[in-house]
Amino acid sequence: MEYPAHVYLAMVLAVFIGFLGCSDTDTEEPILVPEVPPEEVAGADDPLEALKAREVASREHLNKYIELKETDPDAAFEALKTASSVLYDNHPKSDEYAKLLFDRDTAGVATLPQILAMEEILLEIAIDNRYGQELIQHLKEAIQETKEQIEELKRDGIDPDEFTQPFTFDPTQ
């Protein structure tokens, strides 16, 4: 069964944003949330608790990204890189992830191999930052599903690098 790329990314992002306890709002306007003091993030013993605190701290930058992505793409990208760096605790792959996400969002489409690359980076970050077996297993399952869909496209004679699906990154959803 094939799903649009945004469904897969939403699932992966839900792991890091929604799954971690983001509140859902009915408003279309992003809500600015003040950053969590660094000592509060650093004081968290549990890596998932620290991730939750960093998620709150990254919201301001994500809101800035949403605000600027149509009018000032360069500034929007910088805000997205900062959000990724904050969220993933300055992981060496956070900028690479932000770049892939930005490119897909601005293009409005993604291929399954592009989604796979993003999922694999998130898995590496999760493992390196010790986010826990449940989260790591969820990412591994998402990667396996994406790989199976790529193989399904190949079996159907479709080049996975040419088959695009709509893609929109909206962290407020």
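What counts, and at which threshold
- Residues numbered from 1 in each chain as written.
- Predicted model: local features only at pLDDT ≥ 70, side-chain atom pairs only at ≥ 80, totals over all residues.
- Heavy atoms only, no water.
- Helix = DSSP H or I, 4+ residues; strand = E, 2+ residues; numbered from the N terminus.
- Buried < 20%, exposed > 50% of the residue type's maximum accessible area, 1.4 Å probe, protein only.
- Contact = heavy atoms within 4.5 Å.
- Areas by Shrake-Rupley, 256 points an atom, 1.4 Å probe, with all protein chains shown as cover.
- Phe/Tyr/Trp six-rings, centres within 6.5 Å; stacked < 30°, edge-to-face > 60°.
- Lys NZ or Arg CZ within 6 Å of the ring centre and 35° of its normal.
- Salt bridge = Lys/Arg side-chain N within 4 Å of Asp/Glu carboxyl O.
- pLDDT = per-residue confidence, 0-100.
- Expected span 1.5 Å × (residues − 1).
- Bend = angle between axes of the 7 residues up to and from the residue.

**Overview of the overall build of the protein chain**
Inference 1: Scanning the protein chain from terminus to terminus reveals seven helices and two strands.
Inference 2: Order of helices (α) and strands (β) in the protein chain, N terminus to C terminus: α-α-α-α-α-β-α-α-β.
Inference 3: Counting only residues that meet the buried cut, the protein chain has 41% of its 173 residues in that class.
Inference 4: Summarising the internal contacts of the protein chain: among those between residues at least 6 apart in sequence, 71% fall at separations of at least 24.
Inference 5: When the accessible surface of the protein chain is split by element, carbon and sulfur atoms take 51% of a total near 9,300 Å².

**Regarding the packing of aromatic side chains**
To describe a pair of aromatic rings, one takes the distance between the centres and the angle between the planes.
Inference 1: Within the structure shown, the criterion is met by four aromatic pairs.
Inference 2: Centre to centre, the rings of Y65 and F169 are 6.1 Å apart; their planes meet at 45°, and the pair counts as tilted. Placement of the pair is Y65 in helix α3 (residues 47-68) and F169 in the segment after β2 (164-166), with a sequence separation of 104 residues.
Inference 3: For Y65, a relative accessible area of 0% translates into the label buried.
Inference 4: Members of the aromatic cluster, joined through ring pairs, are Y65, F77, F102 and F169.
Inference 5: A cation over a ring is seen here: K99 above F77, with NZ or CZ 5.9 Å from the ring centre.

**With respect to the pattern of salt bridges**
Inference 1: Tallying each qualifying case throughout the model produces nine salt bridges.
Inference 2: Here D103 makes a salt bridge to K99, at a shortest N to O gap of 2.8 Å. Of the two residues, D103 and K99 both sit in helix α5 (residues 94-107), four residues apart, roughly one turn of that helix.
Inference 3: By relative accessible area, which is 24% here, D103 ends up partly exposed.
Inference 4: Note on K99: relative accessible area 40%, which makes it partly exposed.
Inference 5: Measuring nitrogen to oxygen at the nearest pair gives 3.6 Å for the salt bridge that ties E151 to K154.

**Here's the deal with the side chain of S84**
Inference 1: Looking at the element boundaries, S84 is found in helix α4 (residues 73-87).
Inference 2: The contact partners of S84, leaving out residues within four places of it in the chain, are S94, Y97 and A98.

**What to know about the confidence of the model for the protein chain**
Inference 1: The pLDDT averaged across the protein chain works out to 79; a share of 73% of its residues lies at or above 70.
Inference 2: Per-element confidence in the protein chain is highest for strand β1 (residues 109-111), whose mean pLDDT is 97, and lowest for helix α1 (residues 5-16), whose mean pLDDT is 39.
Inference 3: Counting interchain partners and residues more than four positions distant, the pLDDT-below-50 stretch residues 1-43 has 87 contacts.

**Some remarks on unusual backbone geometry**
Inference 1: Non-glycine residue D89 carries a positive phi angle of around 55°.
Inference 2: Counting through the fold element by element, D89 comes out in the loop between α4 and α5.
Inference 3: What makes D89 partly exposed here is its relative accessible area of 43%.
Inference 4: A positive phi is found at N90, a non-glycine position, where the angle reads about 60°.
Inference 5: Along the chain, the position of N90 falls in the loop between α4 and α5.

**Re α3**
An α-helical turn contains 3.6 residues, so a residue and the one three or four places further along point in the same direction.
Inference 1: For α3, which comprises 22 residues, the first-to-last C-alpha distance of 31 Å matches the rise-based estimate of 32 Å (1.5 Å per residue) to within 8%.
Inference 2: At R59, α3 is deflected by roughly 35°, the largest bend along its length.

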